[in-house]
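Now for the letters of each chain:
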Amino acid sequence: MTLTPERTASDLVQERRLVTSVPGPKSQALLARKTEAVSAGVGISWPVFITQAGGGVLIDVDGNSMIDLGSGIAVTTVGNANPYVVEGVQKQVAEFTHTCFMVTPYSGYVEVCEALNRVTPGDHEKRSALFNSGAEAVENAVKIARVYTQRSAVVVVEHGYHGRTNLTMGMTAKNMPYKNGFGPFAPEIYRVPTSYPFRDGPHDGPEVAKWAISRIEKEIGATNVAAIIIEPVQGEGGFIVPAPGYFAAMAAFAKANGIVFVADEIQSGFCRTGDWFASEHEGVVPDLITTAKGIAGGMPLAAVTGRAEIMDSVHAGGLGGTYGGNPVACAAALGAIRWMEEEDAPGRARAIEAAMMPRLRSMQENHPAIGDVRGRGAMLAIELVKVGTMDPDPERTAALARFCVGEGVIVLTTGTYGNVFRFLPPLTMPMHLLEEALGIIERGLEATA
Ligand code: PLZ
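Think of each chain on its own: its residues are numbered from 1, step by step along the sequence as written. Since the coordinates come from a predicted model, pLDDT governs what is reported: local features require at least 70, and pairs of side-chain atoms require 80 or more to be given and counted, while whole-chain, interface and lining totals use all residues. Side-chain measures here rest on the full set of heavy atoms in the structure, leaving out hydrogens and waters.

Turning to the protein chain, the UniProt record has this under Sequence similarities (unreviewed entry): "Belongs to the class-III pyridoxal-phosphate-dependent aminotransferase family." UniProt positions are given in the numbering used here, feature names are shortened, and annotations may be inferred rather than shown by experiment. Comment text from UniProt for the protein chain, heading Cofactor (unreviewed entry), reads "pyridoxal 5'-phosphate".

Okay, structure coming up:
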């Protein structure tokens, strides 16, 4: 098979095509089985069971072809079943599936770390370590920062999201559904203000950072802080792009006080925002960066990458896990990263922004319920409010999302207030499908008015 970037593993026709209502009868039957077999604690946004995906579409068991504006929550950035990923995985899985890198190593792990050290911001000497999930990467960033600084406090911000394990639940801001009833949470986690331009009023980035820093100094003491961990564009918090200067001021404060500055780029990283990493838009070189999601085209892989002196401060054996940097996941990552480099993935994300932003802004003019249009690259969002107020409108947001899915456009909502409609198309999304999806969203806005 010749590998061309537009060719998906299954050569799916790039069209929206509904042959049943959504969800169709086969999906509904599977949902009934899901209810009997799967814990109720595992929720499903849209009970549409998928059989194939690639380019910009998801195919369900009923034969519907739907436009994918979610990328499985920012994971299939290089497109689902990307040929480079498929080829690498198929080759690797036939050679060997696992040895445990900590027991008998293999080159794929080293190659992924070399690639991470090359593509992440900054030209200082770096090291990486590989894990299985975003939450695990965040946990390890905290472990590393604590060992390096010999301090314990961890500073996070409002609207932040970092995962569902005990430590990362404590670091995550939003109670429902992530934290409710699951405490007690780990100690020494402190939350300070973040910049949310749409809701902050006329305060600039450095001003908000000043409040956050004052809170750190007065309530924790800078010399007790091991790490400040912030998403450069907040994902689950609502696709919040901080006001210019906020992120850089927090990084500068960390540097001046011997605090490890960690950028959680699990959602914003790997070309999603029109640069390789969103920190680059802020002119910040983080000490450590956590990655996952887009890194491996859908295979479970995560990483911590950062300054060699910080990463190497941990005793041998202090970092690891049975599956961390599994060879099949590493092969997938090498395929995904090669595709991003060869196909100018950041340029593709910028092209998606250029196509979507004017349409979203014109929708805002026609629909006063759109309080804000924001984001970077292929990480864009609209925030819905009750018309004439700043009050969030989660009901309308949910209704709009239901409308879109019913019309064959898979979408995601987000935000602390549940009123943000987010767009995370794969970077292989054909422009005609993007246009079609925007038309359906516009119709949905009319239908839910
Ligand atoms: N940090 C910035 O976005 C995962 C969560 C979906 P894991 N976001 C999607 C859900 O409801 O569980 C995320 C993130 C940021 C950390 C994580 C955690 O990554 O791979 O889900 O553990």
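**Q** Is there a simple way to think about the environment of Gly258 in this case?
**A** Working definition: helices are DSSP H or I runs of at least four residues, strands are E runs of at least two. Numbering for both runs from the N terminus. Relative to the helices and strands, Gly258 is located in the loop between α9 (246-256) and β8 (260-264). When a residue's accessible area, from a 1.4 Å probe over protein chains only, is under 20% of the maximum for its type it is buried; when over 50% it is exposed; and in between it is partly exposed. Classification of Gly258 by relative accessible area gives partly exposed; the value is 40%. In this structure, the C-alpha to C-alpha distance between Gly258 and Val85, residues 173 residues apart in sequence, is 40 Å. Here, residues are in contact when the closest pair of their heavy atoms is within 4.5 Å. Beyond its immediate sequence surroundings of up to four residues, Gly258 is in contact with Thr149 and Arg151.

**Q** How should the domain arrangement of the protein chain be read in this particular structure?
**A** Often the size quoted for an interface is simply the accessible area lost on bringing the parts together. What the domain assignment reports for the protein chain is domain 1 (5-69 + 344-447) and domain 2 (84-342). The distance between the C-alpha centroids of domain 1 and domain 2 comes to 26 Å. Taken together, the contact pairs 36 residues of domain 1 with 28 residues of domain 2. Simply put, the buried area is the total loss of 1.4 Å probe accessible area from both parts when two parts are fitted together. For the pair domain 1 and domain 2, the summed buried surface comes to about 2600 Å²; carbon and sulfur atoms form 60% of the total. By the criterion of area lost to domain 2, the three top residues of domain 1 are Arg376, Met379 and Thr416, representing 28% of everything that side buries. A carboxyl oxygen of Asp or Glu within 4 Å of a side-chain nitrogen of Lys or Arg is what we treat as a salt bridge. Here domain 1 and domain 2 share 3 salt bridges between them. For the salt bridge of Arg422 with Glu236, the shortest nitrogen-to-oxygen distance reads 3.1 Å. Note: domain ranges come from an automatic or database domain assignment.

**Q** Help me out: how do you make sense of the layout of surface pockets in this one?
**A** Empty pockets left among the atoms are what a rolling probe the size of a water molecule brings to light. Put simply, the grid is 1 Å and covers the protein atoms alone, a cavity is a trapped set of points that fit a 1.4 Å probe, a pocket is an open set with protein on both sides within 12 Å along at least five of seven lines, and lining residues have an atom within 4 Å of a point. Grid points are joined across faces, edges and corners, and a volume is the space filled by probe spheres set on the points. If you add up the space inside the second largest pocket, you get close to 380 Å³. Along the wall of the second largest pocket there are 20 residues; nearest its centre are Tyr109, Ser128, Ala129, Met311 and Leu319. Counting residues per element, the lining of the second largest pocket draws most heavily on strand β4 (residues 126-131), at 5 residues. Here the lining of the second largest pocket is composed, by residue class, of 10 nonpolar, 8 polar and 2 charged. Residue classes follow a fixed rule: Ala, Val, Leu, Ile, Met, Phe, Trp, Tyr, Cys and Pro count as nonpolar, while Asp, Glu, Lys and Arg count as charged, and any other residue, Gly among them, counts as polar.

**Q** Looking at this model, I keep getting lost on the confidence of the model for the protein chain. Mind explaining?
**A** Detailed reading of predicted coordinates is not advised where the pLDDT is low. Note: pLDDT gives the predictor's confidence per residue, expressed from 0 to 100. Across the protein chain, the average pLDDT comes to 97, with 98% of residues at or above 70. Predicted confidence is poor over residues 1-9, with pLDDT under 50, and the contacts of this stretch with residues over four places away or in other chains come to 20 contacts.

**Q** Sorry if this is basic, but what is going on with the packing of helix α8 (residues 205-220) against α9 here?
**A** Two measures define how a pair of helices packs: the angle their axes make with one another and the distance between the axes. Comment: axis = line fitted to C-alpha atoms, over the contacting stretch for helices; angle = value between 0 and 180 degrees taken between N-to-C directions. Between α8 and α9, the least distance of the axes is 8 Å, while the angle of their chain directions is 35°. Read as a crossing pair, α8 and α9 show a hand that is right-handed. Between α8 and α9, the contacting residues are Gly205, Pro206, Val208, Ala209, Ala212, Ile213, Ile216 and Glu217 on the first element and Tyr246, Ala249, Met250 and Phe253 on the second. Counted by class, the contact of α8 with α9 contains 10 nonpolar, 1 polar and 1 charged residues. If you view the pair so one helix is near and one far, a crossing is left-handed when the near helix is turned anticlockwise from the far one by less than a right angle, and right-handed when it is turned clockwise.

**Q** So what exactly am I meant to see when it comes to unusual backbone geometry here?
**A** Outside of glycine, negative phi angles account for most residues, and trans bonds account for most peptide bonds. A cis amide bond links Val22 to the next residue, Pro23, at an omega of -5°. You can see Pro23 is positioned in the segment before α1 (25-37). Each neighbour pair has its own omega, and for Met176 with Pro177 the value is 5°, a cis peptide bond. Tracing the sequence through the fold places Pro177 in the loop between α6 (166-171) and β6 (189-192). One non-glycine residue with positive phi stands out, namely Ile73, at about 60°. The backbone of Asp344 shows a phi angle near 45°, a positive value even though the residue is not glycine.

**Q** When you look at the pairing of β6 in this model, what are you seeing that I'm missing?
**A** Two faces belong to every sheet, and in a regular strand the side chains alternate between them. Any two strands between which DSSP finds at least two bridges are classified as paired. Relative to β6, strand β5 (residues 153-157) runs parallel, the two being bridged by 4 bridges. Across the sheet, Val156 pairs through a bridge with Arg191, a residue of β6. A crossover gets the label right-handed when its path from the first strand over the helix to the second runs clockwise, viewed with the strands pointing away from the viewer. One crossover worth recording links β5 to the parallel β6 by way of α6, and it is right-handed.

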